[in-house]
Amino acid sequence: MDNMNSNEFVTLAHGAGGRQTAELIDRVFKAHFSNPDFTGDDAAVLPVDAGKIAFTTDGFIVSPFEFPGGNIGKLSICGTVNDLACMGAKPLYLSCAFVIEEGFPLAKLEEIAAAMKKTADEAGVRIVAGDTKVAGKGQVDHVFITTTGVGQLTEGVRTSGAFARPGDAVIVTGDVGRHGCTILLARNEFEIDADVTSDCAPLWGTVKSMIDASRDIHVIRDATRGGVGTVLYEIADQSKVGIRLNSADVPVAPEVRGVCGMLGLEPLYLACEGRLVVFAPKSEAPAILEALRKGPYSASAAIIGEVVADHPGKVVMTTEIGAQSLLPQPGGELLPRIC
Amino acid sequence: METAKQIIESYDGRKLRIMEVCGTHTHEIFRLGIRRILPPQIELISGPGCPVCVTPAGYIDEAVMLALEHGAVICTFGDLIRVPGSEMSLAGARSKGAAVKTVYSPLDAVDFARENPDKQVVFLAVGFETTVPAACLAVKKAAAEGLANFSILGANKTMPNAYRALKGSADAFLYPGHVNAITGTAVCEDLVKLGVSGVVAGFTADEILTALAVIVRLSASGEPFFRNCYLRVVRPEGSPAALKLMDTVMEPCDAEWRGLGVIPMSGLKLRPAFAAYDARLKFSLPPVAGRSNPACRCGEVLQGKCKSTDCKLFGTACTPLHPVGACMVSNEGACSAYYQYGDILNG
Amino acid sequence: MCVGLSARVVSIEDGTALIDASGAKRRVSADLIDDLEPGDYVMVHAGVAIAKITDTDADESRKIMESLDGNGETDH
């Protein structure tokens, strides 16, 4: 970062495919992503082990592009790594494609690349291919990143959103709504301050610790946009089961609750970027929970409910007065409720 | 809380119809599942206390006109963004290029106007007595600073004449605690003389259950009654400072309530001294007669004359994602609450 | 209709109070309450402190229920 002049900006020439493109790749991407599989050739050539691979892609736009607890670079690695991990796949290789707005500071691009490298290392994944395009001023919001990843499926682990069964415990790996709350505060539209950082984290280690504790896990899904509430409705729908939640058991940081109280928002519908929702037989839940609580990103893991055969497709909460109420269906733009 | 819950659950007297006239009560009652613990003799009706639900379509049309034709930046509570106007909602206008900014407070809209002197900023002033002081403070602040690019599009409403219009819709009102925090309790005491019963209620589970239990107990005598069950916030005299401020900045006027029609002297508008901050005058808006979907029964829902589920549009043409009536748009609207938390547990 | 938030007053300056609700902080207008002091609890709505809070909801509810069991009078 020190060698980068703070007056340098990405220009359209950086995206034209000529000498300046090569310079940008050398100075920013090669400098950070360097590994034996990241070559100058048209495609990475990689060994294939026996067994199956998991394969996924995701595009990332976030405003602001840096926020407490991370930036778009870290987010773009975590998102794809976590999608692979949810299938029980060890993340192996990633590609990344950048669309950068003309005038974006090179120093910021370097910070993003550095965060990607650090997160990829932690997740044990190699960045092996990339692409850079530059769009005119105003055509993109600073920088967009798309990452694609492949992972090696773990023997004996098969998870799917359709596998939840009555009798399963529903586990969430940490307090909910942090990322969404962090972004909301970082945009500073409502002039609220709170000490909240994004939960953005690569979760292959978290998944690994669970599958080492039990192979009998039915569903693992990362709660991203739409939060944990949206995931619960997706699973209830895919598995044709009902879900019962105990509202008092859903972990929410006090600050997140405070912000939600101010704006009339439901924490279960705020985005997470480092939280998994896990469905496993109740008999397996204690071992899974014990393993999770030892991990760096899942110390506050909790059982928040159970799967039932009743009311398929619906998520029902036991409320603080001991009555039952439907969790509202996810939908639409999150709008603060004031008046 | 347990005592209150027991009183409610074990009630088996004559039929009691209780109307909550605050959207936040509606929302909390559904969220907590309170309807599920009620015996069949107690019916809760969601009345017209959600400002979004009673905001007429024509008001949204005016806001859209200000944004699209006059290029004004619309500052609004998030609640209003998806309310359908005759042609489109503010969300629709935004996708056509309108500048629509969600704010937490009307005072934030004044700050925005100060920071953007080249833009005309219009705050959508909806809400009841609780919210009116905030709008009045914003206007006073703008006036004190001489901000020429700030104005409000007014649709503020007051509850007293609405209670009178709704007399007979229910056996007792659950009065909106935060309105009474401003107005005090004299208006409710006066209603007792007209035979209208009610209690002022707070918003936590404890407070709502306690208020309902008090209604159950006091109904036994058959005499009209009033109790303040939100003692920790509501004083009998309300907020003298807020009332004085409101009287300085605004004056009563007739107001249109979506679904209910015009209720005389149930609204507030800026006094002539603050006319410079009235967006309707500033931009010479023509009179607007908004059109609502004629099949929508929001008006009857608000008066307790029918349930959301009695409306043909409910759950089919009208859902939270594609609302037809305002009661479906607002998270606090009776129809939205029914749809989202409603009695569809058994299919 | 009115999302109210109970919050603690941290400090007051020029008619503006810094309030704290479980760690969520914001500046709100203190114009409507004369004798506001740090440590007070207030009900906040749309960026304005609208009333002082004098009790917890549990204590308030207990007192109301007790008065109901007694002579049916509350101190309203």
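Everything discussed here concerns the structure shown above.
Residues numbered from 1 in each chain as written. Chains lettered and ligands numbered in written order. Predicted model: local features only at pLDDT ≥ 70, side-chain atom pairs only at ≥ 80, totals over all residues. Heavy atoms only, no water.

Caption draft 1: Main features of the overall build of chain A. Within chain A, the secondary structure is distributed over eight helices and 13 strands. For chain A, the spread of C-alpha atoms along the principal axes amounts to about 65 × 55 × 30 Å. Evaluated residue by residue, chain A yields a buried proportion of 54% over its 339 residues. In chain A, the share of contacts with a sequence separation of at least 24, taken over all contacts with a separation of at least 6, comes to 85%. When the accessible surface of chain A is summed, it comes to about 13,800 Å², and 51% of that surface belongs to carbon and sulfur atoms. (Helix = DSSP H or I, 4+ residues; strand = E, 2+ residues; numbered from the N terminus. Buried < 20%, exposed > 50% of the residue type's maximum accessible area, 1.4 Å probe, protein only. Contact = heavy atoms within 4.5 Å. Areas by Shrake-Rupley, 256 points an atom, 1.4 Å probe, with all protein chains shown as cover.)

Caption draft 2: Expanded view of the overall build of chain B. Across its full length, chain B carries 15 helices and 11 strands. For 347 residues, the compact-globule formula gives about 20 Å, and the C-alpha radius of gyration of chain B, at 20 Å, lands near that figure. For chain B, the C-alpha atoms occupy an extent of roughly 65 × 45 × 30 Å along the three principal directions. Residues counted as buried form 64% of the 347 residues belonging to chain B. Taking contacts inside chain B between residues at least 6 apart in sequence as the whole, the part at least 24 apart equals 77%. For chain B, the computed accessible surface area is about 12,100 Å², with 52% contributed by carbon and sulfur atoms. Side-chain charges of chain B comprise 34 positive and 33 negative groups, with the mean position of each set lying 1 Å from the other. (Rg over C-alpha atoms; globule rule 2.2 N^0.38 Å. Lys, Arg positive; Asp, Glu negative; His and termini not counted. Charge placed at Lys NZ, Arg CZ, Asp CG, Glu CD.)

Caption draft 3: Representation of the interface of chain A and chain C within the structure. Contact with chain A, which involves 15 residues of that partner, is made by 13 residues of chain C. Carbon and sulfur atoms make up 62% of the surface buried where chain A meets chain C, a total of about 1,000 Å² over both sides. Between chain A and chain C we count zero salt bridges in total. The tally of links between chain A and chain C comes to three residue pairs in polar contact (both at pLDDT 80 or more). (Buried area = accessible area lost by both parts, 1.4 Å probe. Salt bridge = Lys/Arg side-chain N within 4 Å of Asp/Glu carboxyl O. Polar contact = N/O pair within 3.5 Å; in protein donor to acceptor, adjacent residues only side chain to side chain.)

Caption draft 4: Representation of the interface of chain B and chain C within the structure. The interface of chain B with chain C comprises 52 residues on the first partner and 34 residues on the second. Summing both partners gives a buried area of about 3,300 Å² for chain B against chain C, and 63% of it is carried by carbon and sulfur. If you sort the residues of chain B by the area they bury against chain C, Tyr104, Arg227 and Arg232 of chain B come out on top, with a joint share of 22%. Taken together, chain B and chain C are joined by two salt bridges. Put simply, the parts of the chain that give the side of chain B that touches chain C at least two residues each are helix 1 (2-9), helix 2 (23-32), helix 5 (106-115), helix 6 (132-145), helix 8 (177-183), helix 10 (205-219), strand 9 (226-228) and helix 11 (240-249) of chain B. Broken down by element, the side of chain B that touches chain C gets its largest block of residues, seven residues, from helix 10 of chain B.

Caption draft 5: Structural detail: the packing of helix 10 of chain B against helix 1 (residues 57-69) of chain C. Where helix 10 of chain B contacts helix 1 of chain C, the two axes come as close as 9 Å, and the packing angle between them is 10°. Taken together, helix 10 of chain B and helix 1 of chain C sit at an angle that is classed as roughly parallel. Contacts between helix 10 of chain B and helix 1 of chain C pair Asp206, Glu207, Thr210, Ala213, Val214, Arg217 and Leu218 of chain B from the former with Asp57, Ala58, Glu60, Ser61, Ile64, Met65, Leu68 and Asp69 of chain C from the latter. Here the residues of the contact of helix 10 of chain B with helix 1 of chain C sort into seven nonpolar, two polar and six charged. (Axes fitted to C-alpha atoms, helices over the stretch in contact; angles between N-to-C directions. Parallel < 35°, antiparallel > 145°, perpendicular 65-115°, else oblique. Nonpolar A, V, L, I, M, F, W, Y, C, P; charged D, E, K, R; others polar.)

Caption draft 6: Quick peek at the sheet that holds strand 1 (residues 53-60) of chain A. All names here are of chain A. The mixed open sheet is built from four strands, whose spatial order is 1-6-4-5. Strand pairing shows two members of the sheet lacking a second neighbour, strand 1 and strand 5 (126-135), which therefore form its edges. Put simply, the sheet's adjacent strands are angled 15° from each other on average, direction ignored. Relative to strand 5, strand 4 (residues 89-101) is paired through nine bridges, and the arrangement is parallel. By the bridge assignment for strand 5, Ala97 is matched with Asp131. (Pairing = 2+ DSSP bridges.)

Caption draft 7: Fine view of the sheet that holds strand 2 (residues 42-46) of chain B. Residue and element names in this part refer to chain B. Pairing within the open sheet is parallel, and its five strands lie in the order 2-1-7-8-9. Pairing within the sheet leaves two strands with one partner each, and these edge strands are strand 2 and strand 9. Recorded for the sheet is a direction-independent mean angle of 20° between the axes of neighbouring strands. Summarising the sheet, strand 1 (residues 16-20) and strand 7 (residues 172-176) pair through three bridges and their orientation is parallel. Note on strand 7: the bridge partner recorded for Glu20 is Leu174. Its contacts with the sheet put helix 2 on strand 1, strand 2, strand 7 and strand 8 (197-201), and the angle it makes with strand 7 is roughly 105°.

Caption draft 8: Local environment of the state of the cysteines. Residues and elements named next belong to chain B. Here the structure, examined in full by the defined rule, presents zero disulfides over all chains. Of the cysteine sulfurs around Cys296, a residue in no disulfide, the closest is that of Cys298, at 3.4 Å. A relative accessible area of 22% places Cys296 in the partly exposed class. Cys327 forms no disulfide, and the closest cysteine sulfur to it belongs to Cys298, at a distance of 3.3 Å. (Disulfide = S-S within 2.5 Å.)

Caption draft 9: Broad picture of helix 9 (residues 186-193) of chain B. All names here are of chain B. Along helix 9, the residues that are buried comprise Val187, Cys188 and Leu191. Along the axis of helix 9, the buried positions cluster into a sector of 100°, meaning they face one direction only. In this structure, the buried side of helix 9 is in contact with helix 7 (160-166), strand 7, helix 8 and strand 9. The positive-phi residue at the C-terminal boundary of helix 9 is Gly195, with phi of around 90°. (Arc of directions from axis to C-beta.)

Caption draft 10: A look at the pairing of strand 6 (residues 143-153) of chain A. All names here are of chain A. For strand 1 and strand 6, the ladder comprises eight bridges, and the chain directions are antiparallel. Residue pairing in the sheet places Ala54 in a bridge with Gly151 of strand 6. Sheet topology places strand 4 next to strand 6; 11 bridges connect them, and they run antiparallel. Opposite Lys90, over in strand 6, you have Gln152 as the bridge partner.

Caption draft 11: Inspection of the packing of helix 5 of chain B against helix 6 of chain B at higher detail. All names here are of chain B. Viewed as axis vectors pointing N to C, helix 5 and helix 6 meet at an angle of 25°, and their least axial separation amounts to 8 Å. In terms of axis orientation, helix 5 runs roughly parallel to helix 6. Between helix 5 and helix 6 lies a crossing of right-handed hand. In this structure, helix 5 contributes Pro106, Leu107, Val110, Asp111 and Arg114 to the contact, and helix 6 contributes Ala134, Ala135, Leu137, Ala138, Lys141, Ala142 and Glu145. For the contact of helix 5 with helix 6, a count of residues per class yields eight nonpolar, no polar and four charged. (Left-handed = near helix turned anticlockwise from the far one by under 90°.)

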